[in-house]
Structure formats: structure tokens, C-alpha cells
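Below are the chains, spelled out letter by letter.
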Amino acid sequence: MKRHISDFAFFGGAPAFSKPLVVGRPNLGEPKTFMAQAEAIMRSGILSNHGPTVRAFEEVLAQRTGVLHCIATCNATVALEVVVRAMDLCGEVIVPSFTFIATAHALRRAGVTPVFCDVDPVTHCLDPRHVEALITARTSGVLAVNLWGQACAIDELTQLCQRRGIRLLFDSAHAFGCSFRGTPLGGFGDAEVFSFHATKVLNTGEGGCIMTRNDELAARCARMINFGLEDGDTVAALGTNGKMQELAAALGLTNLERYDDFVAANRANDEAYHRCLNSTRGVRLLTRDPANESNLHYVVLEFEEDEIGASRDEIMRVLASENIRSRRYFFPGCHAAEPYRSDRRMPRPLVPNTERLARNVLVMPTGMAASVADVETACDALRFLVENGAELRARLEKASVIKPAL
Ligand code: T4K
């Protein structure tokens, strides 16, 4: 328990954790289950090209979500780029400025201009009220993000896109296992893309999938992730190699068996964060809509620098020396990252909420690798820093270590 600023490792004390407590330590199922599947795959000699394990993984995902088509991919970034091309999106697509850079890059790499739109200050998701004003004759669609394991304003965006005759695609990288008003995510809009990166609630090491109810779009995506090949050797379209490999699917199936445990761990941690931080002024947890189910895989804090007397970055730096490795997703916002920042041809809508969130948001560790006791220890340190922000800043200034960017 920290009682003085000097108790923090940054100022010479002992760190709260001997090993790093990180955001994104993989959730893993039983090694024995994976090994048995890996052995079967090795004996079969089928390692890739939409083999039986990938097909089984796709089938389970389709069943769980009730979505007709699930196409497993090597990651979500390639999957997004593939769907953007398969949907024939062109010109401009409206996308939130507060998201992981992969969302924007997928558009740009597919030859589409991402038009960065501001987000809702409460949900951090694309704000439909700002979307409409950005629609021009060049707009072919909206790429919305179901951020932090929560559904965004799906109804409003669906109605808006239908009314304006443009397409709607969802980046659901964070949102496997989540639902919107009782319906599992996966079947909304023209398509949804999920990530199974090591850091996600369900992982295949690297991986992702495309889900859609549209038969034709599914067929196009399946072809495009396999070089545009049809019937083995006929190249029917432009394509890439976006296939998931068999061993990745085996890891996915293995981890899926413990999915409920992963979410239960997240829930217990989420409750602990709320319990420990609820009465701390200057820091608040993301408010989630109780009507939508979340996997709770992201613990998202917002800091009020004026109230605390210290910034998110100052707090994060001192936490890091405690071996509490929080992340400042998505600093500095896509609009302020290259190549978008320097591209003078890009439309430049104002995004004040994104800029505030990029300064104030901090994501904390959770998942199977973080116990409730770990969360309580991390929160003790965090609470002390927030409650003693002015002193923290003074000590940092004295040590002349303040740097605006880490
Ligand atoms: N759309 C959105 C909204 C996204 O957030 C993302 C990805 C995508 C699309 C694209 O999905 P993918 O193409 O990746 O499928 C991470 C992930 O790399 C990225 O998948 C994720 N979003 C993004 C938000 O975060 P980093 O750079 O913050 O995390 P990384 O890879 O440095 O790992 C974080 C910590 O996790 C490490 O300090 C240690 C731990 N870790 C990580 C790996 C990979 C492990 O303990 N074991 C591991 O194997 O990007």
C-alpha cells in the first residue's frame, strides 16, 4: 500500500508488482487440448487452405452468432481491407477518428479516403449526429467501430445509411461475444469484422473473421482472401492471401472452450475497478449501456487533468515503474497520425471529443492474467496518484522528468 509519493518506484520505492501486469496478456485454454489438435493437424498434413479445423472454427462462430457466413482470416486488418474492396467502397468512407489505426489504414490501403468523424464523448463510438454532415457526393459508406466491446449506435447508423443510400460496415475487432439489444454482433450492416489477435478476448494468436448475411458478399470475400481464385486455378478477381491457418483455428477452438471463464474473469475485474475507483474524483470508468452485452475486455478510464492536478501521461509513467503497464489507446487519434496528418488533400472535420479522449483515456490490465487482488493493488496505486496529483506533478517537475509524449 502506497502512503507517500516516495513509496512509488519512480521515486525510489519498491514497485507494486515484481512482474509486469500488462494490457493484452493472452487468454488461453487448456494446452493439452491444443496439443491434441496440433498433433492431429500435423499428422493430417493439412496446414492451410481452408482445411477442416478452420471450417470447424467458422462453423462454431457462425452458430454462436446466428450469422450465416463466417470467413476466418489471418487477422482483422486484412479482413477489413478485403471487405472494403469486396463491397466496392470507393471515394470517401466516414470512420471514427478515435479508433485503432488499422481501421483507417484498411480503407486507405484499399484506395478509399477515410473521412474522420468525431465520436460520442460518453461511448467513445462514432456519433451519428456528426456523420450526416460529412456525407458528400463522394461518400460510399460508413465504417463504424464497436469499440471497447460495446455496440455503437447501430440503429441510428443503419437508418442513416439506408436513408442516404450508402453502405455500412462494422469494425467489431473488440466485440466478439457482445450483443446489441439481445442480438449477437456479427450480422449488422453489410458485414462485420472481428479480431482474434493475441490481445483480444478470444484469440488465435493472429486472426480474424468476416461475418455477413449477404451470400454474394461472402462469396466475394472468401475468394478475395484466397488470391481471387475460384475452382482451384481460375483467377476470377483481384485477391490477396488472407487465409487463417489450421494451427491458428485449433488455438481458437481450444480457447473458445474457456470463453465463459475469460468473460467471468473480466467481469470480476471490472467490478473490482468500479468498487475501487467509484469514489475517486477526477477519474471515471467508461459507462456501458446495460441493454447491450459486453465481453468487458477493455477497462477504460478517463482522467480529468484539471481536477487531478496531474495528467494522464504523468500518472501512466509512474504506474509503469510500478510494473502496471496501462495503454493510452488511441493516442493521438487517427486524424493526427501519419499518413493522414500530413495529407493536405484530406477533408479535416473538427474532432474535439477525439482530441480530449486521446489526451485523457487510459486502458488498464484485465483478462485471465490479472486477478482481482492484482486489480485492487493497481487501483490502490492509481487512487493515491489521482488523489495526490498536485504533489505528483511537483515531484516530477523537481525530478525534471516531465515529457509531454512518452
Ligand atoms: N480494429 C480495431 C478497433 C482494433 O483495435 C484492431 C487491433 C484492429 C482493427 C486490427 O486487428 P488485428 O489486425 O490486430 O487482428 C494491439 C494489437 O496488436 C491490436 O490487435 C489491437 N487492435 C490494438 C488495440 O492493440 P498493441 O501494440 O497495443 O499491443 P501489443 O501487440 O504490443 O501487445 C500488448 C501487450 O500484450 C504487450 O505488452 C504484451 C502482451 N502480449 C502481446 C502479445 C502479442 C502478450 O503477452 N503476448 C502476446 O503474444 O496493439
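The rules behind each value
- Residues numbered from 1 in each chain as written.
- Predicted model: local features only at pLDDT ≥ 70, side-chain atom pairs only at ≥ 80, totals over all residues.
- Heavy atoms only, no water.
- Helix = DSSP H or I, 4+ residues; strand = E, 2+ residues; numbered from the N terminus.
- Expected span 1.5 Å × (residues − 1).
- Buried < 20%, exposed > 50% of the residue type's maximum accessible area, 1.4 Å probe, protein only.
- Pairing = 2+ DSSP bridges.
- Axes fitted to C-alpha atoms, helices over the stretch in contact; angles between N-to-C directions.
- Near = heavy atom within 4 Å.
- Polar contact = N/O pair within 3.5 Å; in protein donor to acceptor, adjacent residues only side chain to side chain.
- Areas by Shrake-Rupley, 256 points an atom, 1.4 Å probe, with all protein chains shown as cover.
- Nonpolar A, V, L, I, M, F, W, Y, C, P; charged D, E, K, R; others polar.
- Domains from an automatic or database assignment.
- Contact = heavy atoms within 4.5 Å.
- Buried area = accessible area lost by both parts, 1.4 Å probe.
- Salt bridge = Lys/Arg side-chain N within 4 Å of Asp/Glu carboxyl O.
- Parallel < 35°, antiparallel > 145°, perpendicular 65-115°, else oblique.
- Core = buried A, V, L, I, M, F, W, Y, C linked by side-chain atoms within 4.5 Å.

Under the 1.5 Å per step criterion, the end-to-end length of helix α13 (residues 372–387) is 22 Å for 16 residues, consistent within 8% with the ideal 22 Å. Buried residues of α13: V375, A378, C379, A381, L382, R383, F384, L385 and V386, and no others.

The strand order across the open sheet built from seven strands is β2-β10-β9-β6-β5-β3-β4, with neighbouring strands paired in mixed fashion. Of all the strands in the sheet, just β2 (69–73) and β4 (113–117) have a single pairing partner and so form its edges. Within this sheet the neighbouring strands show an average axis-to-axis angle of 20°, counted without direction. Relative to strand β10 (residues 208–212), strand β9 (residues 191–195) is paired through four bridges, and the arrangement is antiparallel.

What follows concerns the site of the ligand. In the vicinity of the ligand, 23 residues are found, and the nearest of them are R25, T77, D171, H174 and Y329. Backbone polar atom of A76 to an oxygen atom of the ligand: 3.0 Å apart, as the coordinates give it. At 2.9 Å, a side-chain N or O of K200 approaches a nitrogen atom of the ligand. Starting from 920 Å² of accessible surface for the ligand in isolation, the protein chains cover 74%. For the shell around the ligand, the secondary structure elements donating two or more residues are α3 (76–86) and α4 (101–109). When grouped by side-chain class, the residues that make up the shell around the ligand number nine nonpolar, 10 polar and four charged.

Taken domain by domain, the protein comprises domain 1 (5–15 + 258–326 + 365–399) and domain 2 (31–256). A C-alpha centroid distance of 31 Å is found between domain 1 and domain 2. Each partner contributes residues to the interface: domain 1 has 18 residues there, and domain 2 has 25 residues. Summing both partners gives a buried area of about 1,700 Å² for domain 1 against domain 2, and 48% of it is carried by carbon and sulfur. A per-residue breakdown of the area domain 1 buries against domain 2 is headed by Y259, N292 and Y298, which together make up 34% of the total. Our enumeration of links across domain 1 and domain 2 arrives at one salt bridge. The residue R181 makes a salt bridge to D289 at a minimum N-O spacing of 3.0 Å. Scanning the region where domain 1 abuts domain 2 turns up 15 residue pairs in polar contact (both at pLDDT 80 or more). Of all elements in the fold, only α9 (259–277) and β14 (299–303) reach the threshold of two or more residues within the side of domain 1 that touches domain 2. With four residues, the single largest contributor to the side of domain 1 that touches domain 2 is α9. Of the residues that constitute the side of domain 1 that touches domain 2, the class distribution is seven nonpolar, six polar and five charged.

Attention shifts here to the packing of helix α11 (residues 312–321) against helix α14 (residues 389–398). For the pair α11 and α14, the least separation of the axes is 11 Å and the interaxial angle reads 75°. As far as their axial angle goes, α14 and α11 are roughly perpendicular. The segment α11 lies against α14, with E314, I315 and V318 engaging L392, R393 and L396. Along the lines of polarity and charge, the residues of the contact of α11 with α14 split into four nonpolar, no polar and two charged.

Ranked by internal contacts, the top residues of the largest apolar core, which has 60 residues, are L61 and W148. The residues that make up this core include at least three from each of domain 1 (5–15 + 258–326 + 365–399) and domain 2 (31–256). Setting aside residues no more than four positions away along its own chain, L61 makes contact with C70, F176, F196, L202, C209, M211 and L256. In this structure, I308, V318, L362 and F384 belong to the second largest nonpolar core, which totals 34 residues.

The next subject is the environment of E307. When you line up the elements, E307 lands in helix α10 (residues 305–308). Judged by relative accessible area, which is 43%, E307 ranks as partly exposed. Taking the C-alpha atoms as reference points, E307 and E387, separated by 80 residues in sequence, lie 9.6 Å from one another. Polar side-chain contacts of E307 include one of 3.2 Å to the side chain of R281.

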